[in-house]
Structures are given as structure tokens and as C-alpha cells.
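Chain residues, written in single-letter form:
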Amino acid sequence: MKKIEAVIKPFKLDEVKEALQELGVQGMTVIEAKGYGRQKGQTELYRGAEYVVDFLPKIKVEVVVADDQLDRALEAIAGAARTGRIGDGKIFVSDVIDVVRIRTGETGPAAV
């Protein structure tokens, strides 16, 4: 099993969610986040004064998928989240050793 963590622009969440649902991914965790990468924030004007917004609003989507779903899930997320502009985000993939469903005690892929 693999855990996918995707940091995306907030307005792309619905598209990413729909793309994953079409693949049969059954569940995700969504976290509101703030951050910056190479874009290093942006400069804004407020009442005539310029200031730097260091942290930009982002959404972090976490899903756990079977190994054989990984490539399709990555393509779906990247395709749905891509605008072609700076700040589209990043996708991180890590191994999941085990999963336990708290309610039933199921473990492994059946618990996802």
C-alpha cells in the first residue's frame, strides 16, 4: 500500500476528488494548510502599503491506495490539479506498512 500526500491549490480540490472517485478510491483526508515553495509567497497592496504574504493557502489531500492503483492515482491527481502555473503543488508518495480499522479491528488492505 502507498500513501499519497498531495498539496494543491484550494480551488482544485473538487476536480481532484472527482478524479480519484472515478478510479474507485474510497476515502481521503483533506487538510487546510498554508505554505510556500519556489514561489516564495507574493506581494500584496493593502491601503497603499505593500506587504509580503509568505504563506499561501493550500489544501493537503491524503489517500492510501493499493500498489497497483498508484500510477493511475498519481496521474489523476496531477491531471486534475495542474493549471500550468507556478504553485500548482507537489505530490509525495510513501510506503504504508499497515492499516488498522479501529471499529472492526481489520488490518491491511481490507482496512482501507
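Residues numbered from 1 in each chain as written. Predicted model: local features only at pLDDT ≥ 70, side-chain atom pairs only at ≥ 80, totals over all residues. Heavy atoms only, no water.

For the rest of this paragraph, the subject is the side chain of Glu62. Among the secondary structure elements, Glu62 is positioned in strand β5 (residues 56-65). What makes Glu62 buried here is its relative accessible area of 17%. Polar contacts involving the side chain of Glu62 include one to the side chain of Lys60, which spans 3.4 Å. Among residues more than four places away in sequence, those in contact with Glu62 are Lys3, Ile4, Glu5, Met28, Thr29 and Ile31. (Helix = DSSP H or I, 4+ residues; strand = E, 2+ residues; numbered from the N terminus. Buried < 20%, exposed > 50% of the residue type's maximum accessible area, 1.4 Å probe, protein only. Polar contact = N/O pair within 3.5 Å; in protein donor to acceptor, adjacent residues only side chain to side chain. Contact = heavy atoms within 4.5 Å.)

Turning to the sheet that holds strand β2 (residues 29-35), a few remarks are in order. Across the sheet, four strands lie side by side as β2-β5-β1-β6; this open sheet has antiparallel pairing. Of all the strands in the sheet, just β2 and β6 (89-95) have a single pairing partner and so form its edges. Within this sheet the neighbouring strands show an average axis-to-axis angle of 20°, counted without direction. Where strand β1 (residues 2-8) meets β5, seven bridges bridge the pair, whose relative direction is antiparallel. Pairing of Ile8 across the sheet is with Ile59, part of β5. Sitting on the sheet, helix α1 (residues 13-23) touches β1, β2 and β5, and the angle it makes with β5 is about 10°. Relative to the sheet, helix α2 (residues 70-81) contacts β1, β5 and β6, its axis offset from that of β1 by approximately 5°. (Pairing = 2+ DSSP bridges. Axes fitted to C-alpha atoms, helices over the stretch in contact; angles between N-to-C directions.)

Moving on, we get to the pattern of salt bridges. For side chains of opposite charge, pairing can occur when their charged atoms come near one another. Per the counting criterion, the structure on display carries seven salt bridges. The partner of Lys2 in a salt bridge is Asp95, with the nearest N and O atoms 2.3 Å apart. Placement of the pair is Lys2 in strand β1 and Asp95 in strand β6, with a sequence separation of 93 residues. The class of Asp95 is exposed, set by a relative accessible area of 57%. Its salt-bridge partner being Arg101, residue Glu106 comes within 2.9 Å of it at the nearest N-O pair. (Salt bridge = Lys/Arg side-chain N within 4 Å of Asp/Glu carboxyl O.)

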